[in-house]
Amino acid sequence: MARKQRTSRLVWLRRGVQGVFLLLFLYLFLETEYHPINLAGAHVKLFFQLDPLAMLTAWLASHAVAAGMLLSLATLAVTLVFGRWFCGWICPFGTLNNLCTSLRGARAKAKLETGGYGGWQKAKYYVLVVFLGGALFGVNAAGWLDPFSFFFRSMTTAVYPVLNDAVSSLFGWLYDANPGIGPVRVTAVSEPIYEILRRHFLAVEQPHYVGNVLIGFLFGAVIALNFVRPRFWCRYICPLGALLGIIGKNPVVRLNKSAEACNNCRLCLADCQGGANTPDAGQWKPAECFYCFNCRSDCPTEAISVGFGTQPDSHEKTAVVK
Amino acid sequence: MIGPIFRWIKGFVKPPQSARLDLSRRQLLASGAAGIGAAYLFHTHPLGRQRSYNPDLVRPPGALAEEEFLSKCTRCGECMKVCPTNGIHPAAFEAGLEGLWTPVLKMTIGYCEYECTLCTQVCPTGAIRALTVAEKQRVKIGLAYFDRNRCLPYAYARTCIVCEEHCPTPKKAIWFEEAQVTTPAGEKVTVKQPRVDPELCIGCGICVNKCVIKGQPAVLVSSVGESRNPANGLLLNSGGPYGG
Amino acid sequence: MRELNRRQFFASAVLLPAVGKLQAATPAMAIAHYKAPPTAADGIAEEARRLTRRAVDALGGMRRFVSKGQVVWVKPNIGWDRRPEQAACTNPDVVAAVVEMCFQAGAKKVMVSDRPCNSPQRTFPRSGIQAAAEKAGAECYFMDERKFRKMAIQGGKVIKEWEVYTEVVEADLLINVPIVKCHDLSKATLGMKNLMGVTAGPRDRFHQDINNAVADLAGFIKPHLVVMDAVRVLAANGPVGGNLADVRRKDIVVAGVDQVAVDAFGATLLGLKPTEVGIVSEAHARGLGNMNFRALSPLQLEV
């Protein structure tokens, strides 16, 4: 196949921004505890306030909305005009799924088969409609599959307690067993590390949550599904993604495939995160695109470019590759 | 300027084939119907429309009345993370299937700290209303009751009163009657037998949490008397801003 | 302080502590009372510090207890999620003064901690003790669960072995800094009961035989010095309190080496006779100290 490309700067920028938001989410997660003025700080709920799905279903079901959640209108506005950047650059759960997809490390040929658009991606829209239907009649169950709720709830009840227990057990064992040779003991290094962990990362008391096994298992399953398809959750399940897909169906920032430059190698499919790409060059589904720019980075002939524009009319022909 | 905007709007309504979501109308209707049907099933469950109450469903202080609460709660787990005593947990079926993963207090694991309002501060949707400390201290989330078959001074002729020791209300909601009981050895001893004052008890559950009889404590909290659901109240004319 | 020439300085630095240690008639107990109690918060803070210093100085100063380079463990009451005015935890300024005096006496490290009844992430900051102790240079953080070890409680009648914090028994010096509060089970919770805070395990079972259990503990963990905070005492609805109307200002700090005598005095501040507090009379009966504190000729100081 074509030679391995050097990753483009835009992709590195995107990865950097994703990393920042994921770290921000995890930081806010750790910050969600008591601080000495009986406050947790309103800032810890930031991601939920940016979440238009949570806002929409709460509003439909209860006919009122917490003021802070109106921030999510900004997300909607940006998506309406510019497309699903939120999924590709901001959503921390999306980034986590992205990371696990990368761990998959499939060969290029295997990736080509699963990278592009698949009909099952429509499933998330039906999931969204189920929740919207329920919300219309007072039931706000969207939180079960809202990505921030899913991620935060799983972190709280399953992931963090597991990590906390594992780390505490390790340092507990090191403290008791005190391994070493002669006067050189591991605790000389491990105890200072433990003190830092204890003060900044570990829980004051080991948390235990009812229902953690099911929640943890579901979380693990969702993460593992990234080995089946790239960003499985984002493509097939996420109702927020579906909502943003509907809103961001016609973005003004568009990916263009030059029919002349394209040599039909289809490498652009291999790393497509959202499943917006199809084997037909010139076809691009904006409702599924996360603007990850992997396709642009991978293209050996630089046939893919980003630009402003509006959708061609339905009667106009789309570019077709020879 | 107008032209591109017009074309842009038209792109939503009449997109080219490649950009269509391609959702089947039939499947959309079926999905919507499923959502609506599920909603009505939840409403007609015994816990729906507040037809009846689950004594185990003790919610955090500041939680709205149940129907409204369920319509707002996004099951995010912020309150569960912030609770300093690890007292708030994701519900299984205490609130019916509709309430899956909504917050519920489990007193054997944690309790509601008297001067704390953290859960009311972090709830993003307002399902748990923000409260000041003074407001929170007047909210009842439930009512404690003793299981005299297990409580030491009732059942085993020994004094304990760890529950009273920890009771945080300014005037303690647990009080005593001294009683003469007989020990297994036949001695007569005086023990302090605890009782709950329903006007003072706010259902915080620290008594349950500290009870020396682990697993199935001798004192429990049930949701009756909770301020947020007046129909699940208890006392007539007990005053207080939330009635009940 | 008047200027000392070099000879006088050496004399005082070397001879005085030696002489101090030789004095057989060193005071066992000092009760410092504030003459003109202020109402403003910073006034009360100043009062607490001065009372603590004067009480300990009257015993011979912290140098009598702390030697250069020692590790000191300070055990205040940080048990409850309450503010200092509510008198559920030890006054933070009393703790800070104790810590400062330890450092001035040459301590290498001072650790301040407790295993509270409410969540430590709330009790440590809200009691004011964490900030005050850290500002004075002490390490004040939640206890490390790994550092509890089951220990044989020598002389224990009802408790033969129990989980105790190893740092406490390993420290060179232990200073108990309780607050005076009423308690419906034990009538009063004072210094000896405050020692429960260094134990883990199912310690709520102590209440079934509280007098013997606490006496067992006090006999095992014998603090070298007790500094009792009675600036504010909790006179009703203890040990948790909450209602400011239950708090009484006594404006007293007591320092003593006899934990039974100090507790006995503390009981009187609540209107109780020492014999009425079962823990005190049991500890006295076992010879852990003398509940007739007047027999110790406590120094009475007006500050």
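## Brief notes about the overall build of chain A
Broken down by element type, chain A carries 15 helices and four strands. Counting every position in chain A, which comprises 322 residues, the buried fraction comes to 47%. Pairs at least 24 apart in sequence give 76% of the contacts found in chain A among residues at least 6 apart.

## Observations regarding the overall build of chain C
Along the backbone of chain C there are 10 helices and 11 strands. Its C-alpha atoms give chain C a radius of gyration of 18 Å, near enough to 19 Å, the size a compact globule of 303 residues would have. For chain C, the residues scored as buried account for 56% of the 303 residues in total. Counted over contacts in chain C with a minimum sequence separation of 6, partners at least 24 positions apart contribute 75%.

## Concerning the interface of chain B and chain A
Chain B puts 57 residues into the contact, and the matching count from chain A is 65 residues. With 12 residues, the single largest contributor to the side of chain B that touches chain A is helix H2 (residues 25-43) of chain B. Across the side of chain B that touches chain A, the residue classes tally to 32 nonpolar, 15 polar and 10 charged.

## A closer look at the interface of chain C and chain B
How big an interface is tends to be stated in terms of accessible area lost as the parts join. Residue-level contacts link 18 residues of chain C with 21 residues of chain B. Class assignment of the residues belonging to the side of chain C that touches chain B gives a composition of five nonpolar, eight polar and five charged.

## Observations concerning helix H8 (residues 210-220) of chain C
All names here are of chain C. The buried count for H8 comes to nine of 11 residues, which makes it a mostly enclosed element. Along H8, the positions that sit buried rather than exposed are Ile210, Asn211, Ala213, Val214, Ala215, Asp216, Leu217, Ala218 and Gly219. Among the structural elements, helix H7 (191-194), helix H9 (259-268) and helix H10 (278-285) are those in contact with the buried residues of H8.

## Notes on the environment of leucine 152 of chain B
All names here are of chain B. Structurally, leucine 152 can be placed in helix H7 (residues 152-155). The buried category is assigned to leucine 152, around which 23 C-beta atoms lie within 10 Å. Separated by 40 residues in sequence, leucine 152 and lysine 192 place their C-alpha atoms 9.7 Å apart.

## Looking at the pairing of strand S2 (residues 71-76) of chain C
Residue and element names in this part refer to chain C. Counting buried residues along S2, five of its six residues qualify, which places the element largely inside the surrounding structure. Note that S2 and strand S3 (residues 109-112) share four bridges and pair parallel. Bridging from a neighbouring strand, valine 74 pairs with valine 112 of S3. Each parallel crossover has a hand, and for S2 linked through helix H3 (residues 92-104) to S3 it is right-handed. As paired strands, S2 and strand S6 (residues 173-177) are joined by five bridges and run parallel to one another. Residue pairing in the sheet places tryptophan 73 in a bridge with leucine 174 of S6.

## Details of the environment of phenylalanine 232 of chain A
All names here are of chain A. For phenylalanine 232, the location among the structural elements is in helix H12 (residues 232-237). Owing to 21 C-beta atoms within 10 Å, phenylalanine 232 belongs among the buried residues under this scheme. Sequence separation between phenylalanine 232 and proline 207 is 25 residues, and the spatial gap between their C-alpha atoms is 30 Å. When sequence neighbours within four positions are dropped, the list of residues in contact with phenylalanine 232 reads Leu225 and Asn226.

## Some thoughts on the nonpolar core
Among soluble globular proteins, nonpolar side chains are generally buried collectively. Ranked by internal contacts, the top residues of the largest apolar core, which has 238 residues, are Val74, Val95, Val98, Val99, Val227, Val253 and Val254 of chain C. Here this core takes nine residues from helix H8 (residues 123-136) of chain A, the largest share from any one element. For this core, the domains that each give at least three residues are domain 1 (51-140 + 225-244) and domain 2 (143-222) of chain B. When near neighbours in sequence (up to four residues on either side) are disregarded, valine 95 of chain C contacts Val74, Pro76, Thr90, Val112, Ile129, Ala132, Ala133 and Val177 of chain C.

## Some thoughts on helix H4 (residues 72-82) of chain A
All names here are of chain A. All of the buried residues along H4 are Ser72, Thr75 and Thr79. One face of H4 carries all of its buried residues, which in axial projection span an arc of 45 degrees. For H4, the exposed residues set more than 90 degrees away from the buried face come down to Ala74 and Ala77. In this structure, the buried residues of H4 make contact with helix H2 (46-49), helix H3 (52-62), helix H5 (85-90) and helix H13 (239-247). Residue glycine 83 follows H4 closely and has a positive phi angle near 100 degrees.

## Some remarks on unusual backbone geometry
The omega torsion of the bond from glycine 238 of chain C to proline 239 of chain C falls at -5 degrees, within 30 degrees of zero and hence cis. You can see proline 239 of chain C is positioned in the loop between strand S9 (225-234) and strand S10 (247-256). Positive phi, normally seen in glycine, also occurs at aspartate 22 of chain B, with a value near 60 degrees. With respect to the secondary-structure elements, aspartate 22 of chain B resides in the loop between helix H1 (2-13) and H2. Its 12 C-beta neighbours within 10 Å are what place aspartate 22 of chain B among the exposed residues. Within the chain, aspartate 251 of chain C stands out as a residue other than glycine whose phi angle is a positive 55 degrees. Position of aspartate 251 of chain C among the secondary structure elements: in strand S10.

## Comments concerning the packing of H8 of chain C against H10 of chain C
Residue and element names in this part refer to chain C. The geometry of H8 relative to H10 is characterised by a closest axis approach of 8 Å and an angle of 55 degrees between their N-to-C directions. Compared by their axis directions, H8 and H10 come out oblique. Crossing hand, H8 versus H10: right-handed. Side by side, H8 and H10 meet where Ile210, Asn211, Asn212, Val214, Ala215 and Ala218 of the first sit next to Gly278, Ile279, Glu282 and Ala283 of the second. Taken together, the residues that form the contact of H8 with H10 break down as six nonpolar, three polar and one charged.

## Some details on the pairing of strand S5 (residues 188-196) of chain B
Residue and element names in this part refer to chain B. Both strand S4 (residues 174-182) and S5 contribute to a ladder of nine bridges, which runs antiparallel. In the strand pairing of S5, valine 181 is matched with valine 189. Taken together, S4 and the strand that follows it, S5, pair antiparallel across an intervening segment of five residues, in which glycine 186 is found at a positive phi of about 95 degrees.

## Some remarks on the packing of helix H9 (residues 147-177) of chain A against helix H10 (residues 187-200) of chain A
Helix packing for two helices is described by the angle between their axes and how far apart those axes are. Residues and elements named next belong to chain A. Packing of H9 against H10 brings their axes to within 10 Å, and their N-to-C directions diverge by 145 degrees. The hand of the H9/H10 crossing is left-handed. Listed contacts from H10 to Val167, Phe171, Leu174 and Tyr175 of H9 are Thr187, Ser190, Tyr194 and Leu197. Looking at side-chain class alone, the contact of H9 with H10 contains six nonpolar, two polar and no charged residues.

## Looking at the confidence of the model for chain A
Residues and elements named next belong to chain A. Per-residue confidence for chain A averages 90 on the pLDDT scale, and 92% of its residues sit at or above 70. Within chain A, the lowest mean pLDDT, 81, falls on helix H7 (residues 108-115), and the highest, 98, falls on helix H11 (residues 212-224). Here residues 315-322 is modelled with pLDDT under 50, and outside its nearest four sequence neighbours on either side it reaches 16 contacts, counting other chains as well.

## A closer look at the confidence of the model for chain C
All names here are of chain C. A residue-level look at chain C finds 92% of positions with pLDDT of 70 or above and a mean pLDDT of 92. Within chain C, S2 carries the highest mean pLDDT (98), whereas helix H1 (residues 6-22) carries the lowest (50). For the stretch residues 1-7, pLDDT sits under 50, and the model shows two contacts to residues farther than four places along the chain or on other chains. Low pLDDT, under 50, characterises residues 19-24; the stretch is placed with three contacts to residues that sit more than four places away or in other chains.

Reading the values: the criteria
- Residues numbered from 1 in each chain as written.
- Chains lettered and ligands numbered in written order.
- Predicted model: local features only at pLDDT ≥ 70, side-chain atom pairs only at ≥ 80, totals over all residues.
- Helix = DSSP H or I, 4+ residues; strand = E, 2+ residues; numbered from the N terminus.
- Buried ≥ 20, exposed ≤ 12 C-beta atoms within 10 Å, placed from the backbone.
- Contact = placed C-beta atoms within 7 Å.
- Rg over C-alpha atoms; globule rule 2.2 N^0.38 Å.
- Nonpolar A, V, L, I, M, F, W, Y, C, P; charged D, E, K, R; others polar.
- Pairing = 2+ DSSP bridges.
- Right-handed = clockwise from strand over helix to strand, strands pointing away.
- Core = buried A, V, L, I, M, F, W, Y, C linked by C-beta atoms within 7 Å.
- Domains from an automatic or database assignment.
- Arc of directions from axis to C-beta.
- Axes fitted to C-alpha atoms, helices over the stretch in contact; angles between N-to-C directions.
- Parallel < 35°, antiparallel > 145°, perpendicular 65-115°, else oblique.
- Left-handed = near helix turned anticlockwise from the far one by under 90°.
- pLDDT = per-residue confidence, 0-100.

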